[in-house]
Amino acid sequence: MLHDITFFSRFEQDILAERKTITIRDASESHFQPGEVLRVSRYEDGVFFCFIEVLSVTPVALDALTETHARQENMTLSELKQVIKDIYPGLDELFVIAFHKCRGEFQ
Ligand SMILES: CC(=O)Nc1ccn([C@H]2C[C@H](O)[C@@H](CO)O2)c(=O)n1
């Protein structure tokens, strides 16, 4: 069974170009399993734009985010921390979902 994930539309082009290869979410989206294929759509209007395969789901604290995470998000570290604080105010328990964009039959 295919599960769904949404991204803010401002991240669509980075995902399609494979510049963004992780997303950092709260516990409500930490249940995805490595190998699982997710149907990706835009949060604002629900428009589908690709499939991704989950590579790993790893807990991380806000203070433990590094330049590597930021690079994988195609952001600076300060931009990434600000984005997370805006989306998840006051939350420290986060999860890094690493993924790659699917090709072939899931394109
Ligand atoms: C509904 C919801 O929470 N949607 C989200 C949450 C996060 N993101 C992006 C923003 C950053 O690139 C990372 C880190 O949170 O994930 C998102 O696109 N949509």
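Source: prediction; values computed, not measured.

> Residues and numbers for the overall build of the protein chain, please.
The helix and strand tally for the protein chain stands at three helices and five strands. Each helix and strand of the protein chain, placed in order from N terminus to C terminus, yields the pattern β-α-β-β-β-α-α-β. Over its C-alpha atoms the protein chain spans a radius of gyration of 13 Å, differing by no more than 12% from the 13 Å that the globule rule assigns to 107 residues. The buried share of the protein chain, taken over its 107 residues, is 42%. In the protein chain, the share of contacts with a sequence separation of at least 24, taken over all contacts with a separation of at least 6, comes to 69%. Of the accessible surface of the protein chain, which amounts to about 6000 Å², a share of 51% is contributed by carbon and sulfur atoms. Computing the positive centroid from 11 side-chain charges and the negative centroid from 18, the protein chain places the two 5 Å apart.

> I'd love a proper account of the sheet that holds strand 3 (residues 37-42), names of residues and values included.
What the five strands build is an open sheet, ordered 1-3-4-5-2; its pairing is mixed. With one partner strand each, in any of the chains shown, strand 1 (3-7) and strand 2 (22-25) form the two edges of the open sheet. Sheet twist, expressed as the average angle between the axes of neighbouring strands with direction ignored, equals 45 degrees.

> Explain the UniProt feature "domain: ASCH" (unreviewed entry) in the protein chain to me, and be specific about the residues and the numbers.
In this numbering, the UniProt entry assigns the feature "domain: ASCH" (unreviewed entry) to residues 5-103. Helix and strand shares over residues 5-103 are 22% and 36% respectively, and the end C-alpha atoms of the span are 17 Å apart.

The rules behind these values
Residues numbered from 1 in each chain as written. Predicted model: local features only at pLDDT ≥ 70, side-chain atom pairs only at ≥ 80, totals over all residues. Heavy atoms only, no water. Helix = DSSP H or I, 4+ residues; strand = E, 2+ residues; numbered from the N terminus. Rg over C-alpha atoms; globule rule 2.2 N^0.38 Å. Buried < 20%, exposed > 50% of the residue type's maximum accessible area, 1.4 Å probe, protein only. Contact = heavy atoms within 4.5 Å. Areas by Shrake-Rupley, 256 points an atom, 1.4 Å probe, with all protein chains shown as cover. Lys, Arg positive; Asp, Glu negative; His and termini not counted. Charge placed at Lys NZ, Arg CZ, Asp CG, Glu CD. Pairing = 2+ DSSP bridges. Axes fitted to C-alpha atoms, helices over the stretch in contact; angles between N-to-C directions. UniProt positions renumbered as here; feature names shortened; annotations may be inferred.

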